[in-house]
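Structural overview
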There are 4 protein chains.
Amino acid sequence: MAEYDLVVRGGTVVTAADITQCDVGVKGERIVALGADLERGANEIDAKDLLVLPGGIDSHTHIDEPRKTGAVMADDFATGTASALAGGTTTTISFSPQQKDGTVGEVLTEVEKRAKKALTDYCFHLTITDPSDRVIAEEVPKLIAAGHRSLKIYLTYDPTHINDDEILRVFACARKHGALVVVHAENHAAIMWQTERLLAAGLTAPKYHAYAKPMIVEREATHRVIALAELVDVPIQIFHVSGAEAAEEVRRARTRGLKVWGETCAQYFVLTAADLDRPGFEGAKFICSPAIRSHEDRAALWDYVADGTLDVVTSDHAPWAFDDPKGKKLKGDDAPFSVVPNGVPGIETRLPILFHEGVTKGRIGLNQFVALAATNSARLFGLYPKKGTIAIGADADIVVWDAGKRVTITNDILHSAMDYTPYEGMEVTGWPMVTVSRGEVVFENGKVLGEPGRGRFLPRGPYDFIKPLGRFPTPFDPVAGKLLEE
Amino acid sequence: MAEYDLVVRGGTVVTAADITQCDVGVKGERIVALGADLERGANEIDAKDLLVLPGGIDSHTHIDEPRKTGAVMADDFATGTASALAGGTTTTISFSPQQKDGTVGEVLTEVEKRAKKALTDYCFHLTITDPSDRVIAEEVPKLIAAGHRSLKIYLTYDPTHINDDEILRVFACARKHGALVVVHAENHAAIMWQTERLLAAGLTAPKYHAYAKPMIVEREATHRVIALAELVDVPIQIFHVSGAEAAEEVRRARTRGLKVWGETCAQYFVLTAADLDRPGFEGAKFICSPAIRSHEDRAALWDYVADGTLDVVTSDHAPWAFDDPKGKKLKGDDAPFSVVPNGVPGIETRLPILFHEGVTKGRIGLNQFVALAATNSARLFGLYPKKGTIAIGADADIVVWDAGKRVTITNDILHSAMDYTPYEGMEVTGWPMVTVSRGEVVFENGKVLGEPGRGRFLPRGPYDFIKPLGRFPTPFDPVAGKLLEE
Amino acid sequence: MAEYDLVVRGGTVVTAADITQCDVGVKGERIVALGADLERGANEIDAKDLLVLPGGIDSHTHIDEPRKTGAVMADDFATGTASALAGGTTTTISFSPQQKDGTVGEVLTEVEKRAKKALTDYCFHLTITDPSDRVIAEEVPKLIAAGHRSLKIYLTYDPTHINDDEILRVFACARKHGALVVVHAENHAAIMWQTERLLAAGLTAPKYHAYAKPMIVEREATHRVIALAELVDVPIQIFHVSGAEAAEEVRRARTRGLKVWGETCAQYFVLTAADLDRPGFEGAKFICSPAIRSHEDRAALWDYVADGTLDVVTSDHAPWAFDDPKGKKLKGDDAPFSVVPNGVPGIETRLPILFHEGVTKGRIGLNQFVALAATNSARLFGLYPKKGTIAIGADADIVVWDAGKRVTITNDILHSAMDYTPYEGMEVTGWPMVTVSRGEVVFENGKVLGEPGRGRFLPRGPYDFIKPLGRFPTPFDPVAGKLLEE
Amino acid sequence: MAEYDLVVRGGTVVTAADITQCDVGVKGERIVALGADLERGANEIDAKDLLVLPGGIDSHTHIDEPRKTGAVMADDFATGTASALAGGTTTTISFSPQQKDGTVGEVLTEVEKRAKKALTDYCFHLTITDPSDRVIAEEVPKLIAAGHRSLKIYLTYDPTHINDDEILRVFACARKHGALVVVHAENHAAIMWQTERLLAAGLTAPKYHAYAKPMIVEREATHRVIALAELVDVPIQIFHVSGAEAAEEVRRARTRGLKVWGETCAQYFVLTAADLDRPGFEGAKFICSPAIRSHEDRAALWDYVADGTLDVVTSDHAPWAFDDPKGKKLKGDDAPFSVVPNGVPGIETRLPILFHEGVTKGRIGLNQFVALAATNSARLFGLYPKKGTIAIGADADIVVWDAGKRVTITNDILHSAMDYTPYEGMEVTGWPMVTVSRGEVVFENGKVLGEPGRGRFLPRGPYDFIKPLGRFPTPFDPVAGKLLEE
């Protein structure tokens, strides 16, 4: 009987720190050996001249979320996570979006039901839109204890956004019970005010989406939410930092030692505001928030990646089909920008784009690619060391990657249920060949092999990144409700 | 017949730029001559070995404001402005505070009535607490046109504070009709949240006032309101910047070329949080907002004065008597910090403290003293060149100042109706000897000579400082409601 | 007999702080009255609808300097200062350039002789190129005491530049005896190294001058000389700051409270590196150091003017005629950039260019124009209040300026002996109409009226700007040679 | 026959990215297997409850350097590297110091001879003190090609320091031939100038060492050498950054994307200037350069470690015995600070101190400890992946570390030939238990087991970190000597 169920042989294994020529031995669902010349496995993958990477973690995806607006996402968990696997991503974090008049638990129950079709392993950020006493004091603490260690808040969108007082309440709950808060940071009032004036002026085309939410509203909200987090002493991650000014606020926070992390998304590296100005309603394909920005902002992001200010790259996958009355055309094919569902798809293209723009173009090295694509998310969200690296004892989530393969992205070759990709026609160098999830080959030869439902929920225990610093603006800890020992 | 009604003879005349030995000739209410050896005037002031300065302008004073809380200020316009004159200040700007359920006009009418007792010349900032459509679209434009060219907004205090949408509405109104907006910048929700927790922990003594509103809430609101002003392209002044972090936000704004100015107050140069911790209820005498801060913040303010980030120094005079059930003890002599009326008196001590800490201690020169005390306020608020300098054609508002006079401040020697001064026992060098207002000697030999009611209202026309920059985050002007010509 | 020898009547008098409608009365050489309606003077200038400004101070001019290279400046003191008067400048500071093997005194004697032809009042910066013990300990202290209160040092040019040890010696001397040090800050070794490589590559055209001395060499030297000044605690002015990075170093120094000032020159506001690339040898007309820079740098300078980082604007007038074997063509009309005499003329165009680019284009106000053009130089160099303002007792150095006059600059209309102007064909709005120096009309109707030799030397006593701060990196004062009292 | 020569069993393996429970299998000199439950090895180390770390790399050590001053280091390569092994360090980089009048090769030959006694693997930084044409154009290129891929330059010390022109020559050589330049950055002239004045004032005690070289001279040289490196486009590492201001210059460089790295040393985390003030000549034990600094600087270093500005921690081991006429007392036991040999010992205490101050005190995690102690040095100096990590194929350089072991440091327990340690009496938590070098147990039970001479020289080939960026201040590459293709 073979010692190993699977051996990935002869590849170049890359982790966030190391690049090693070696074989990877898998037994059951776990990696059990790294060696120079492992015995033959029951199954073998030939990784000669290929990279062997930890399976990607996409910690920011929208899949089959229940919505009250009538909008319906094109991807359910079967297609969405199949698309993930085909793009080298083996773990997804999506959302359980509390409704304003509902409990967190009821929507979570529904979301858990829907997620039963997943092919990737998965967990959820609990979106809090109505942090009432009951929710904050009773419901969320129990859910955190049950392994949901991240909370999402929105500073914009109606009726989703919460105000400063509510933010503080969520922060206090997160710190008290041990969860990381992830934040969509844009100033809602400013966006609404600007939008009203644009619409009143008859400026309704998709391109005006970027006018309605300029960088300044993102910078403002980023600074504000960081300040509130400082007051409460709670760690946070700023989602989808889109350009220099917002990134600079994250850098300033880190420079003064705060537990503030910055995420950006693949689209901000390649799209620009010009894409919103494509003819007719075509620009609606590129409406996402924060808006895609200028060439200068796009270039500046790499500086912030370089110094670690932005240390996670996700997709913010939002599968609103274009030619679909439940998708981008919810309000018709001539609707003003302000009522077009926000978001772009990208769960499958995330890693190829990051690899191409980052590694192929020489902006980052392989270790940093792995860190941005998998390891840092695993650490920040309490999935490490089970996920996010190639090491003894870790889940055998592995991508065999061809760094030299040139692929022209078209929607046809992707595995999502979407009817468009914003990257249609873009040529990239670097593409996933084989994806392994918990020891099982789930993608190979361009085909997703796993069955819907094979994915598992990932409960998360307490972990270091959610620990407060113990530093306050005054000698008073507002969450503990007492003076500090000085 | 004498050519001059008054000659101030032989002094050292100081303006924001110059220091000149010369006589000042006054005819009627105006300065008509500066000369080496002017003819004798009908009246003469011997200024030998003394400084001759423009009358101070205190652009931030609270006097006899109508309040619904039952609190009553100790100073009416007679005592408050008498105290101003005795301190070398000849022009005051106080407030017309709109009530949440009222119009701006009705309170202005009342305030104008009360101000009829003033001894200084005066005008008002219109405090907007309820920027309804009617107020913004109809009432305020008329009042601006009538000469009220500054609007005040609060980002904290209940029920005074306004939210981001309301701020934007006020900003748009100010830009459209030509007014400067002055801002009390502290994050209300954060203060309330922190206060609740302090009270719940039984931490109610005056010193906890500073815990409830740490610098971080001031920095946050300062950055936010600047961002909103950038969006609308409206000039603003940040009131009472109390320390380094908030000042740094103003500096950052100025470095990127914005029309954002910073004011600080005399108390922030000399008091510290330690004063709030005086025995018993004594600390309540020092409760003002933003809270007085650390030694380090106090010292850092001078750096921001030096580079022009902070270019106006006022009193924020708030005459709540200490031993008074309508003053500091409104809620009793053991009330929690959160219900003690906010503010400290200082209309008379402002210039001596600024002179002592600034000029006597060698931190600033005489020109900068004049600029901080008078000229810059005059310019920012549209009173220049009538007020704020010593020049031909300007109102003959003049202070004859003894730079070497040592005075121990006690409440007894002051002319306000207050029962305490926060500077009791402080020795300063530099004190006003004679004050002249529109050619009339109104303070001399320690006595205020003018009659209540001699002061005049100062209507203000359009002026340069309120002009927008014409710069926007996108090629859209939200106030004009149209795309920019590019 | 008329009370006044001269009255400038009906104009708008502008100082660094004020803008006043009034008459200016002159008696002898001094201003003796400012008034609303002065008596008739023996002489009158009608300034109706015109500005009345303090005579410009050009604190950085090269005129008829003795050189050992064979190069001879086109302007002697007669033509150079006539040109100054025609441009509204009534005071010039030029240089007494010590030779490497000579004393400071011997060249000063020669320079003083040459300056006897001056039409403006004048003084000198003593350039120190060989700070030997004798020079530093004996000669320079005597010259400082005799009224030469500024020393110039070069960090580049052979054989003029001095090394770090020599810089420290000059600084210690300046602090001990009371002088301001002005600095040409560029890294010599880096320029030489880069130049050698450019020449070796055959890249000799004028445009490569800018390649030989990129901003980085200016930024480096600026930071270095500021650090050395911090060590010694001596006030310095950085000459001709040419763009953003060097200006940023000055700003950083000022932000930490140092006595470091920044000067820029008119040419850096209007020329760019593209001018160096004019056909043939034409580019040599634009060779000056630091090199003229990019559009971005040119624009950025205004930000640093706005916040006071750069507070003096001079000409750095260097009159090397173009078609002249003793001027720009010293080494022939095809010489490599590295041997072309450095500098551009501009003593007459300085104020029109600053006015046009600054005031006419709305970047600065009139008060700031006066400050940049005259008042700040007067203060920094110890000439105030005799020079640099319009005030009682000041020298009657006055320019009557037409803010609306449009003039196309051509060399023909200028009064220098130069054969070119770098601004040929540039149209400006704003031009001097009449110049008065010590009460004498010296320029009017386009003609210089004063006689060579009418100018006077301006000895300078000790003054505030040269006082050290009393702050050191350790508790040791290296100039006093003792520990500080702590 | 056992599959493995050595198995490190049951420990927690830590790399720069991962923390894994697993066994490490070694065959010959290499790591060949990582596994959950490896077969028994011929030799076994029980690492239960212990950390298994890559052997430390001390990339900055002075051992038995030939000196012309008469000073002789206490440690030769036998004792120095034995001490390293006992402290968990298995690779050392020391120096081959060119004499001013000598070749680089001649001293290298001597150094290589001395190094034959080494117990660690080793290589050298070639110190260049006399970059003549011959040295730069002929000798050094050959030595680089022979595997000496790092050059050291001094900006201070007589006669060691080189000037700006020489720095540029070394930089051009390094870039052209592929080497990293490491820099001692302090301004020599400023130090000499300050020293002279201190000595003249009779201030000769050890504590004045810190007065002679305040932070400002380090900040200046750091900025300067970075600017010169920008001009040439060559990667550099700044050695021994000692506090905030110098670190800030490194951060600024990194923020604009330069290949500039910062190193600090263990001593700067624990000693302060107060140690220099110990009674009598005792303070001389703490004389090193840059000087140890204030508490504030000491604390600030961690911020710069946190954001990656400082990413390598070394010892700068300089074994000058205290009570030794060839060591600290070279010039007697009352010598002025300026003639005391510079440096402190620390090759054995480096990792315990870094672990204690960093990991035990919660300032850094285990991964960052490994990165700072080994991985980053390996990468920067071209030793990776042979050294610096625990991975298949890497040299079996392993330290088994007890994170909980409390040890009081005294010189008695250390293995160097030194007669003092600056950390006498300091208690630390965390200590190396077993050290393995290339598969051989070389330290165990407090005893060094390897034989002198077992260490091997590590030649280094070209590697990524030495590649230039291809960015220049102008479109000219001065090393290639040609214009860039634009």
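Now for a look at the structure at hand. From a predicted model like this one, the values you see are computed outputs, not experimental measurements.

**Concerning the overall build of chain A**
Looking only at helices and strands, one finds 12 helices and 19 strands in chain A. Compactness check: chain A gives a C-alpha radius of gyration of 22 Å against a globular reference of 23 Å for 486 residues, within 12% of the reference. Taken across its 486 residues, chain A has 66% of its residues classed as buried. Intrachain contacts of chain A at a sequence separation of at least 6 include 77% that bridge at least 24 residues. For chain A, the computed accessible surface area is about 15500 Å², with 49% contributed by carbon and sulfur atoms. Looking at chain A, you have 53 positive and 67 negative side-chain charges, and the mean spots of the two groups are 2 Å apart.

**As for the side chain of K329 of chain B**
Residue and element names in this part refer to chain B. Mapped onto the fold, K329 is located in the loop between β13 (310-314) and α11 (350-360). For K329, a relative accessible area of 17% puts it in the buried group. Ignoring anything within four residues of it in the chain, the contact list for K329 reads F281, F322, D323 and D324.

**Overview of the arrangement of the chains**
Where chain A comes nearest to chain C, the C-alpha atoms are still 15 Å apart, and the two do not contact one another. If you take every C-alpha in chain B and every C-alpha in chain D, the smallest gap between them is 15 Å, and the two do not touch.

**A few points about the relation of the copies chain A and chain B**
Aligned on chain B, chain A shows an RMSD of 0.0 Å; the corresponding rotation is 180 degrees and the shift along the axis is 0.0 Å. The two molecules are tied by a two-fold rotation axis, judged by turn and shift. A share of 100% of interface residues in chain A that are also interface residues in chain B marks the association as one of identical surfaces.

**Notes on the interface of chain C and chain D**
Frequently, the measure chosen for interface size is the accessible area that the parts lose on association. Listed by partner, the interface residues are 39 residues for chain C and 39 residues for chain D. Where chain C packs against chain D, one counts six salt bridges. When the shortest N-O distance is used, the salt bridge between R219 of chain D and E230 of chain C registers 2.7 Å. For the side of chain C that touches chain D, the secondary-structure elements that each account for two or more residues are α4 (164-177), α5 (188-200), α6 (208-212), α7 (215-232) and α8 (244-255) of chain C. Ranked by the residues each element gives to the side of chain C that touches chain D, the list is headed by α7 of chain C, at 10 residues. Taken together, the residues of the side of chain C that touches chain D sort by class into 23 nonpolar, five polar and 11 charged.

**Considering the sheet that holds strand β9 (residues 150-154) of chain D**
Residue and element names in this part refer to chain D. Sheet architecture is open: eight strands sit in the order β6-β7-β8-β9-β10-β11-β12-β13, paired in parallel fashion. Strands at the two margins of the open sheet, each flanked by one partner only, are β6 (56-58) and β13 (310-314). Shown here is a sheet whose adjacent strand axes are inclined to one another by a mean of 30 degrees, direction ignored. Bridge count between strand β10 (residues 180-184) and strand β11 (residues 236-238): three bridges; the pairing is parallel. Across the sheet, the residue bridging to V181 is I236, located in β11. Helix α11 (residues 350-360) rests against β6, β7 (89-97) and β13 of the sheet, and its axis sits at about 110 degrees to β6.

**Thoughts on the relation of the copies chain C and chain D**
You can overlay chain C on chain D at an RMSD of 0.0 Å; the transform is a turn of 180 degrees with a shift of 0.0 Å along its axis. Most of the interface of chain C is mirrored in chain D, where 100% of its interface residues are also at the interface.

**With respect to the interface of chain A and chain B**
Each partner contributes residues to the interface: chain A has 39 residues there, and chain B has 39 residues. Between chain A and chain B, roughly 3400 Å² of surface is buried when both sides are summed, and carbon and sulfur atoms account for 69% of that area. Interface area lost by chain A to chain B is led by W193, H223 and F476 of chain A, which between them contribute 18%. Our count for the contact surface shared by chain A and chain B stands at six salt bridges. Taking the shortest distance from any N to any O, the salt bridge between R224 of chain A and E220 of chain B comes out at 3.9 Å. The interface formed by chain A and chain B contains eight residue pairs in polar contact (both at pLDDT 80 or more). Among the elements of the structure, α4 (164-177), α5 (188-200), α6 (208-212), α7 (215-232) and α8 (244-255) of chain A are those that each provide at least two residues to the side of chain A that touches chain B. Taken together, the residues that form the side of chain A that touches chain B break down as 23 nonpolar, five polar and 11 charged.

**Some words on the sheet that holds strand β7 (residues 89-97) of chain C**
All names here are of chain C. Read across the sheet, eight strands follow the order β6-β7-β8-β9-β10-β11-β12-β13 without closing on themselves; strand pairing throughout is parallel. If you trace the sheet from one side to the other, it starts and ends with β6 (56-58) and β13 (310-314), each paired once. For this sheet, the mean angle separating the axes of adjacent strands, direction not counted, is 30 degrees. Alignment of β6 against β7, held across three bridges, turns out to be parallel. Looking at the pairing, G56 lines up with T89 of β7.

**Examining the packing of helix α3 (residues 133-145) of chain D against helix α4 (residues 164-177) of chain D**
Residue and element names in this part refer to chain D. Running from N to C, α3 and α4 point in directions that differ by 35 degrees, and their axes come no closer than 10 Å. The hand of the α3/α4 crossing is right-handed. Note on element contacts: α4 touches α3 through R169, V170, C173 and H177, opposite D133, I136, V140, P141 and I144. Split into classes, the residues belonging to the contact of α3 with α4 amount to six nonpolar, one polar and two charged.

**Overview of the pattern of salt bridges**
By the definition in use, this model includes 175 salt bridges over all chains. Residues E230 of chain A and R256 of chain A are paired through a salt bridge, measuring 2.7 Å at the closest nitrogen-oxygen approach. Pair noted here: E230 of chain A is in helix α7 and R256 of chain A is in the loop between α8 and β12 (260-265), with a separation of 26 residues, a long-range link. With relative accessibility at 29%, the residue R256 of chain A sits in the partly exposed group. Two residues, E249 of chain D and R252 of chain C, come together in a salt bridge whose shortest N-O distance is 2.8 Å. Here the residue E249 of chain D occupies a position in helix α8 (residues 244-255), and R252 of chain C occupies one in helix α8, the pair thus bridging two chains. E249 of chain D sits in the buried class, given a relative accessible area of 3%. Sharing partners across several salt bridges, the network here consists of E29, R30, D121, K386, K387, D395, D397, R438 and R456 of chain A.

**Some points on the side chain of R219 of chain B**
Here R219 of chain B shows up in helix α7 (residues 215-232). Residue classification places R219 of chain B among the buried positions, given a relative accessible area of 3%. A distance of 3.1 Å separates polar atoms of two side chains, one belonging to R219 of chain B and the other to H223 of chain A. Sequence-distant contacts of R219 of chain B, defined by excluding residues within four places in its chain, comprise H223, A227, E230 and R256 of chain A together with E245, A246 and E249 of chain B.

**Considerations on the packing of aromatic side chains**
Counting across every chain of the model gives 54 aromatic pairs over all chains. Counting every residue linked through ring pairs, the aromatic cluster contains F77, Y122, F124 and F457 of chain C. Over the ring of F322 of chain A we find K285 of chain A; its NZ or CZ atom is 4.9 Å from the centre of that ring.

**Brief notes about the pairing of strand β2 (residues 19-27) of chain A**
All names here are of chain A. Where strand β1 (residues 4-14) and β2 come together, seven bridges link them in antiparallel fashion. In the sheet register, V7 faces β2, and the bridge partner there is G25. Counting the residues that bridge the hairpin from β1 to β2 gives four residues. The pairing of β2 with strand β3 (residues 30-35) spans five bridges and is classified as antiparallel. Bridge assignment links G25 to a residue of β3, and that residue is A33.

**Brief notes about the pairing of strand β8 (residues 121-127) of chain A**
Residue and element names in this part refer to chain A. Counting buried residues along β8, seven of its seven residues qualify, which places the element largely inside the surrounding structure. Of the crossover connections in this fold, the one passing from strand β7 (residues 89-97) over helix α2 (residues 104-115) to the parallel β8 is right-handed. Pairing analysis gives two bridges linking β8 to strand β9 (residues 150-154), with the strands arranged parallel. From the neighbouring strand, L126 faces β9, where its bridge partner is L151. Handedness of the crossover joining β8 and β9 through helix α3 (residues 133-145) is recorded here as right-handed.

**Quick notes on unusual backbone geometry**
In this chain, S289 of chain D is followed by P290 of chain D through a cis amide linkage whose omega measures -5 degrees. Inspection of the secondary structure assignment puts P290 of chain D in the loop between α9 (267-270) and α10 (295-306). Cis geometry is found at the peptide bond from Y384 of chain D to P385 of chain D, where omega equals 5 degrees. Inspection of the secondary structure assignment puts P385 of chain D in the loop between α12 (366-380) and β14 (398-408). In the Ramachandran plot, D233 of chain B falls in the positive-phi region, its phi being about 65 degrees despite a non-glycine side chain. Tracing the sequence through the fold places D233 of chain B in the loop between α7 and β11 (236-238). Positive phi outside glycine occurs at D316 of chain C, with the angle close to 50 degrees. Tracing the sequence through the fold places D316 of chain C in the loop between β13 and α11 (350-360).

Here is what the cut-offs are and how they apply
- Residues numbered from 1 in each chain as written.
- Chains lettered and ligands numbered in written order.
- Predicted model: local features only at pLDDT ≥ 70, side-chain atom pairs only at ≥ 80, totals over all residues.
- Heavy atoms only, no water.
- Helix = DSSP H or I, 4+ residues; strand = E, 2+ residues; numbered from the N terminus.
- Rg over C-alpha atoms; globule rule 2.2 N^0.38 Å.
- Buried < 20%, exposed > 50% of the residue type's maximum accessible area, 1.4 Å probe, protein only.
- Contact = heavy atoms within 4.5 Å.
- Areas by Shrake-Rupley, 256 points an atom, 1.4 Å probe, with all protein chains shown as cover.
- Lys, Arg positive; Asp, Glu negative; His and termini not counted.
- Charge placed at Lys NZ, Arg CZ, Asp CG, Glu CD.
- Least-squares fit on C-alpha atoms with pLDDT ≥ 70 in both.
- Salt bridge = Lys/Arg side-chain N within 4 Å of Asp/Glu carboxyl O.
- Nonpolar A, V, L, I, M, F, W, Y, C, P; charged D, E, K, R; others polar.
- Pairing = 2+ DSSP bridges.
- Axes fitted to C-alpha atoms, helices over the stretch in contact; angles between N-to-C directions.
- Buried area = accessible area lost by both parts, 1.4 Å probe.
- Polar contact = N/O pair within 3.5 Å; in protein donor to acceptor, adjacent residues only side chain to side chain.
- Left-handed = near helix turned anticlockwise from the far one by under 90°.
- Phe/Tyr/Trp six-rings, centres within 6.5 Å; stacked < 30°, edge-to-face > 60°.
- Lys NZ or Arg CZ within 6 Å of the ring centre and 35° of its normal.
- Right-handed = clockwise from strand over helix to strand, strands pointing away.

Geometric descriptors of this kind do not, in isolation, establish any biological role.
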